[in-house]
Amino acid sequence: QRYNLGEDCPIFEGLFNFCQVYTGGSIDGATRLNHNLSDIAINWAGGLHHAKKREASGFCYINDLVLAILELLKYHPRVLYLDIDVHHGDGVEEAFYLTDRVMTVSFHKYGDYFFPGTGDVKDVGEKKGKYCSVNVPLRDGIDDLTFQRIFQPVMRKVMETYQPGAIVLQCGADSLGNDRLGCFSLSLDGHAECVKFMKGFKVPMLVTGGGGYTKNNVARCWAYETAVLLDTKLDNNLPENDYYEYYAPQYTLKTRPHQVIENMNVRSYIEQIKKEVIENLKAIEHAPGVQMHEVPPDNYIPELNDDEEDENPDERLGQYAMDRNIKRDEEFYDMY
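The sections below set out a description of the structure shown in this document. Keep in mind that what you see is a predicted model, and the values were worked out from it rather than measured.

### Quick look at the pattern of salt bridges
Side chains that carry opposite charge are capable of pairing whenever their charged atoms lie near each other.
And then number 1: Applying the stated rule across the entire model yields eleven salt bridges.
And then number 2: Note that Lys52 is salt-bridged to Glu94, the shortest N-O span being 4.0 Å. Highlighted residues: Lys52 in the loop between strand E1 (40-43) and helix H2 (64-72) and Glu94 in helix H3 (residues 90-95), separated in sequence by 42 residues.
And then number 3: A salt bridge links Glu160 to Lys157; its shortest N-O distance comes to 3.6 Å. Placement of both Glu160 and Lys157 in helix H4 (residues 144-162) is noted, with a separation of three residues, approximately one turn of the helix.

### Considerations on the sheet that holds strand E3 (residues 102-109)
And then number 1: Taken in spatial order, the six strands make up an open sheet running E1-E6-E5-E2-E3-E4, and their pairing is parallel. The open sheet has two edge strands with one neighbour each: E1 and strand E4 (133-138). Direction aside, neighbouring strands of the sheet carry axes that sit 10° apart on average.
And then number 2: Strands E1 and strand E6 (205-208) of the sheet are contacted by helix H1 (residues 15-34), whose axis makes an angle of about 180° with E1.
And then number 3: Those strands touched by H4 are strand E2 (79-83), E3, E4 and strand E5 (166-170), and its axis lies near 175° from that of E3.

### A word on a nonpolar patch on the surface
And then number 1: Among the surface-exposed residues, Tyr3, Leu5 and Ile11 lie close enough to one another that they form a single nonpolar patch of about 290 Å² accessible area.
And then number 2: By the element assignment, Tyr3 lies in the segment before H1.
And then number 3: A relative accessible area of 41% means that Tyr3 is categorised as partly exposed.

### Comments concerning the pairing of E2
And then number 1: Counting buried residues in E2 gives five out of five residues, a clear majority hidden from the surface.
And then number 2: Here E2 shows two buried faces, one formed by Val79, Tyr81 and Asp83 and the other by Leu80 and Leu82.
And then number 3: Since E2 and E3 lie parallel, the crossover through H3 that links them has a hand, and here it is right-handed.
And then number 4: Sheet topology note: the E2/E5 ladder contains five bridges and is parallel. For Asp83, the partnering residue across the bridge sits in E5 and is Gln170.

### A short note on the packing of aromatic side chains
And then number 1: Applying the stated criterion across every chain yields a total of twelve aromatic pairs.
And then number 2: Pairing Phe59 with Tyr213 gives two aromatic rings, centres 5.9 Å apart and planes at 55°, and the pair type is tilted. Here Phe59, found in the loop between E1 and H2, pairs with Tyr213, found in the loop between E6 and helix H6 (215-229); they are 154 residues apart in sequence, far enough to count as distant.
And then number 3: A network of ring pairs unites the aromatic residues Phe107, Phe147, Phe151, Phe197 and Phe201 as a single cluster.
And then number 4: Just above the ring of Tyr269 sits the side chain of Arg139; from NZ or CZ to the centre is 3.7 Å.

### Here we look at the packing of helix H5 (residues 188-199) against H6
And then number 1: Two elements in contact, H5 and H6, have axes whose closest approach is 10 Å; the angle formed by their N-to-C orientations is 35°. In the crossing of H5 with H6, the sense of the turn from one axis to the other is right-handed. Where H5 approaches H6, its residues Leu188, Asp189, His191, Ala192, Val195, Lys196 and Lys199 are matched on the opposing element by Arg220, Cys221, Tyr224, Glu225, Val228 and Leu229.
And then number 2: Across the contact of H5 with H6, the residue classes break down as seven nonpolar, one polar and five charged.

### Quick notes on empty space enclosed by the protein
And then number 1: Evaluated as defined, the whole model comprises one cavity of 30 Å³ or more.
And then number 2: Its boundaries defined by the atoms lining it, the largest cavity holds a volume of some 50 Å³.
And then number 3: In this structure, the largest cavity is lined by Val121, Val124, Tyr131, Ser133, Val134, Asn135, Val277 and Asn280.
And then number 4: Elements supplying a minimum of two residues to the lining of the largest cavity: E4 and helix H7 (267-282).
And then number 5: A total of three residues in the lining of the largest cavity trace back to one element, the largest contributor, which is E4.

### Digging into the state of the cysteines
Structurally, a disulfide amounts to a covalent bond that connects the sulfur atoms of two cysteines.
And then number 1: Scanning the model with the defined rule gives zero disulfides in all.
And then number 2: With no disulfide partner, Cys9 has as its closest neighbouring cysteine sulfur the one in Cys60, 6.8 Å distant.
And then number 3: The closest cysteine sulfur to the non-disulfide-bonded Cys171 is located on Cys221, 7.1 Å from its own sulfur.
And then number 4: A relative accessible area of 0% means that Cys171 is categorised as buried.

The rules behind these values
Residues numbered from 1 in each chain as written. Predicted model: local features only at pLDDT ≥ 70, side-chain atom pairs only at ≥ 80, totals over all residues. Heavy atoms only, no water. Salt bridge = Lys/Arg side-chain N within 4 Å of Asp/Glu carboxyl O. Helix = DSSP H or I, 4+ residues; strand = E, 2+ residues; numbered from the N terminus. Pairing = 2+ DSSP bridges. Axes fitted to C-alpha atoms, helices over the stretch in contact; angles between N-to-C directions. Contact = heavy atoms within 4.5 Å. Patch = residues over 30% accessible without salt bridge, like charges linked within 9 Å, V, L, I, M, F, W, Y side chains within 5 Å. Areas by Shrake-Rupley, 256 points an atom, 1.4 Å probe, with all protein chains shown as cover. Buried < 20%, exposed > 50% of the residue type's maximum accessible area, 1.4 Å probe, protein only. Right-handed = clockwise from strand over helix to strand, strands pointing away. Phe/Tyr/Trp six-rings, centres within 6.5 Å; stacked < 30°, edge-to-face > 60°. Lys NZ or Arg CZ within 6 Å of the ring centre and 35° of its normal. Left-handed = near helix turned anticlockwise from the far one by under 90°. Nonpolar A, V, L, I, M, F, W, Y, C, P; charged D, E, K, R; others polar. 1 Å grid on protein atoms, 1.4 Å probe; cavity = no way out; pocket = protein on both sides within 12 Å on 5 of 7 lines; lining within 4 Å. Points joined across faces, edges and corners; volume = space filled by probe spheres on them. Disulfide = S-S within 2.5 Å.

Shown next as structure tokens:
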């Protein structure tokens with residue numbers, strides 16, 4: 001209960017191993033980018049963007065995205081995080097809200113008490129991180145044309161202004177039409193167009209999964225986007241396999257939407273949000289720099305000792321214990 005386990009983050013058998021696998025995949029992908037072993041790394045199991053430093057949230061237990069970004073920061077002065085999940089990427093934004101070394105950009109549904117309730121366009125970061133948190137709040141029913149009308153100009157300006165050395169792209173599939181929990185109307189092509197657009201900048205990129213609650217459409221989406229990243233064309237007719245019946249009655253990669261939600265994103269609203277976001281980006285005078293420093297070893301994890309009762313008060317504390325008692329200025333979260 002202390003760590004928000006049991007409500008929207010149930011405990012199940014194999015939970016720790018599950019967290020190790022999806023988190024390790026994102027960290028390893030970041031390491032491959034750091035050492036020029038890959039131009040693009042993919043971890044569809046990752047992208048759990050709601051988890052916080054001290055609590056699980058929204059089906060997310062460990063925030064693999066934050067850990068992957070920290071790995072990328074060992075080699076890159078600036079990292080861009082982009083989130084196209086229907087829910088706001090609140091855990092990643094909170095982790096880097098006070099620093100200019102990471103810019104977080106989230107396109108999400110906002111308002112009507114929609115989870116997690118954060119991500120207003122006015123939330124732009126604080127202290128050194130001011131204007132490095134970019135939120136694009138959208139309304140129900142946004143379609144491909146409307147989404148690209150705001151996505152491409154905003155991301156073009158972000159890349160021009162911030163000039164990141166690496167990108168982390170969270171491709172939550174709950175922004176597709178017909179999702180059980182989502183309320184957008186993006187098609188497979190519209191969702192994948194975001195991936196294709198960002199790939200065109202030719203910046204090292206870690207691509208992860210995220211939300212998605214209509215299972216067959218999630219599989220369609222990430223299979224199609226893998227093909228987009230590999231410049232490969234897929235046949236629209238699905239090959240027979242053990243899960244063939246999950247894709248009835250059409251048995252195709254791309255499907256016709258059967259649930260139409262009215263697009264509440266009128267042109268005037270989209271233009272207003274786009275203008276406000278781009279004005280905020282103009283406030284960044286130049287791409288932030290960083291001092292040279294010694295690069296920590298890959299995947300460095302300090303030895304932990306959480307048994308505080310076993311610590312001898314007459315012995316000198318280890319480095320980790322001393323660091324644990326320091327409240328870092330750039331961290332943005334509530335201490336318990």
